[in-house]
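So you can see what is in the structure, the chains are spelled out below.
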Amino acid sequence: QAKAAGRNTACFFDPEMQAAAAIQADLEKSLRDALTREQFFLEYQIQCNAAGHILGVEALVRWQHPTLGKVLPEVFIPMAEETGVIVPLGLWVLEQALGQLCVWSRYPKSQSWMLAVNMSGLQLAHPNFVDSVIRVLRQTGANPARVRIELTEGAMQKDIDEIIGKMNELKALGVSFSLDHFGTGYSSLLHLKRLPLAQLKIDASFVRDLHCNPSNAMLAQAVISLGHGFDLAVIAEGVECAEQQERLEHMGCDAFQGHLFGRPVGAEQLHHYFD
Ligand code: C2E
Ligand code: MG
Ligand code: MG
């Protein structure tokens, strides 16, 4: 924001902005140590079909800051990307989530669940990406066919052929891929026909106001038709009310995620589904 203000020197001395910058610098510093201090934890949010049957869960990382409390990913993921912390953090998320999948595997009712893990483009671009995913699969003993990696269109901005190559290597092992926040990034249509995807996620911004905003409804319908045209399953995120689900279901949407079905919760809070 300081950049946007240009060379306005007044802004340099603006105490509010200085305070904000100091908080930012502080956060960045503590983010670097957060992993060794074991301040991260995962929550899981269920994904359902139209009948309310659980298809799987998405792992979502949280940061328990010693003084600020629970910091949400919108705040620290961009920081983790800028500082490179995202690479070890992303690996930690994968280890935790796949370990949890194996714990759940003891319960027969969870055995059909897919586990979705978000990955940053920077992780994907890392030369050791494929090897580290394979290593975590081996270490945890997780079934690759139950692992779904959620990528954003931003991840496709780098060398697309290299990314497709990496995705195909993991796909050969059974791992599948979903394109997250679909429709909010760039050049999505061109990539869509080349990427080895299994699923598209309709971004929550198209789901919001679905019942009263005709252009959002049109966009949601377009994403669903597009996905099905490419033989992909389509899941909507941010589904908060029954009207949204009904509209999406009517449009042919295959799966749903959002507060209507369940908020992100700790792993143990999902155990009642296994009874
Ligand atoms: P996402 O992958 O699209 O995750 C879904 C986000 O929507 C989550 O936000 C979830 O809490 C929120 N959400 C779920 N249902 C509803 C609903 O009904 N209404 C509304 N308003 N929101 C809902 P969260 O956990 O804050 O995560 C934000 C983003 O941070 C994620 O978006 C994902 O892009 C990123 N993220 C989360 N965990 C990781 C991670 O382990 N690695 C990476 N690279 N990114 C992550
Ligand atoms: Mg996601
Ligand atoms: Mg998403």
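Here is what the cut-offs are and how they apply
Residues numbered from 1 in each chain as written. Chains lettered and ligands numbered in written order. Predicted model: local features only at pLDDT ≥ 70, side-chain atom pairs only at ≥ 80, totals over all residues. Heavy atoms only, no water. Helix = DSSP H or I, 4+ residues; strand = E, 2+ residues; numbered from the N terminus. Buried < 20%, exposed > 50% of the residue type's maximum accessible area, 1.4 Å probe, protein only. Contact = heavy atoms within 4.5 Å. Expected span 1.5 Å × (residues − 1). Core = buried A, V, L, I, M, F, W, Y, C linked by side-chain atoms within 4.5 Å. Donors = N, O, S within 2.8 Å, 3.2 Å for Na, K, Ca; no water. Polar contact = N/O pair within 3.5 Å; in protein donor to acceptor, adjacent residues only side chain to side chain. Near = heavy atom within 4 Å. Areas by Shrake-Rupley, 256 points an atom, 1.4 Å probe, with all protein chains shown as cover. 1 Å grid on protein atoms, 1.4 Å probe; cavity = no way out; pocket = protein on both sides within 12 Å on 5 of 7 lines; lining within 4 Å. Sits in = over half its atoms within 2 Å of the grid points.

Student: Please explain the side chain of Glu237 as it appears in this structure.
Tutor: Positionally, Glu237 belongs in strand β8 (residues 233-237). On the basis of relative accessible area, Glu237 is assigned to the buried category, the value being 11%. Those residues in contact with Glu237, other than ones at most four positions away along the chain, are Asp180, His181, Lys201, Ile202, Asp203, Ala204, Val207 and Gln257.

Student: Explain helix α4 (residues 86-104) here, please?
Tutor: Helical geometry note: an α-helix holds 3.6 residues per turn, so side chains three or four residues apart project in the same direction. Here α4 is 19 residues long and its end C-alpha atoms lie 26 Å apart, about the 27 Å a rise of 1.5 Å per residue gives. Of the positions making up α4, those classed as buried are Ile86, Leu89, Gly90, Trp92, Val93, Leu94, Ala97, Leu98, Gln100, Leu101 and Trp104.

Student: Would you take a moment to explain the nonpolar core for this structure?
Tutor: In summary, soluble globular proteins display a tendency toward joint burial of nonpolar side chains. If you look at the biggest cluster of nonpolar residues, it comprises 77 residues, and the most contacted ones within it are Phe40, Tyr44, Leu89, Leu197, Ile202 and Leu248. It is α4 that contributes the most residues to this core, nine residues altogether. Discounting chain neighbours no more than four positions away, the residues touching Leu89 are Leu35, Phe40, Val61, Phe76 and Ala80.

Student: Would you explain the coordination of the magnesium ion (ligand 3) in this entry?
Tutor: Donor atoms from the polypeptide that coordinate the magnesium ion (ligand 3) comprise Asp180 (OD), Glu237 (OE) and Glu237 (OE), at 1.9 to 2.3 Å from the metal. In this structure the magnesium ion (ligand 2) is found 3.7 Å away from the magnesium ion (ligand 3), and Asp180 serves as a bridging donor for the pair. Taken together, the residues span a long stretch of sequence, with Asp180 in strand β6 (residues 176-182) and Glu237 in strand β8 at a distance of 57 residues.

Student: Please explain the coordination of the magnesium ion (ligand 2) as it appears in this structure.
Tutor: The expected angle between donors at a tetrahedral four-coordinate metal is 109.5 degrees. At an octahedral six-coordinate metal it is 90 or 180 degrees. Looking at the magnesium ion (ligand 2), one finds its protein donor set to be Glu58 (OE), Asn118 (OD1), Glu150 (OE) and Asp180 (OD), positioned 2.0 to 2.2 Å from the metal centre. Motif for the magnesium ion (ligand 2), donor spacing along one chain: E-x59-N-x31-E-x29-D.

Student: Please clarify how the environment of Glu150 should be interpreted in this entry.
Tutor: Structurally, Glu150 is set in strand β5 (residues 147-152). Separated by 88 residues in sequence, Glu150 and Arg62 place their C-alpha atoms 17 Å apart. In this structure Glu150 touches Gln47, Glu58, Ala116, Val117, Asn118, Met119, Ser178, Asp180 and Lys201, once residues within four positions along its chain are discounted. Side chain to side chain, Glu150 and Lys201 meet in a polar contact 2.9 Å long.

Student: Any chance you could explain the site of ligand 1 here in plain terms?
Tutor: Taken together, 23 residues form the shell around ligand 1, and within it Gln45, Arg62, Asp180, Glu240 and His259 come nearest. In the environment of ligand 1, an oxygen atom lies 2.9 Å from a nitrogen or oxygen atom belonging to the side chain of Asn118. Here ligand 1, which alone exposes 800 Å², has 83% of that area covered by the protein. One can see that ligand 1 is located within the largest pocket.

Limitation: the analysis is restricted to geometry and does not speak to function.
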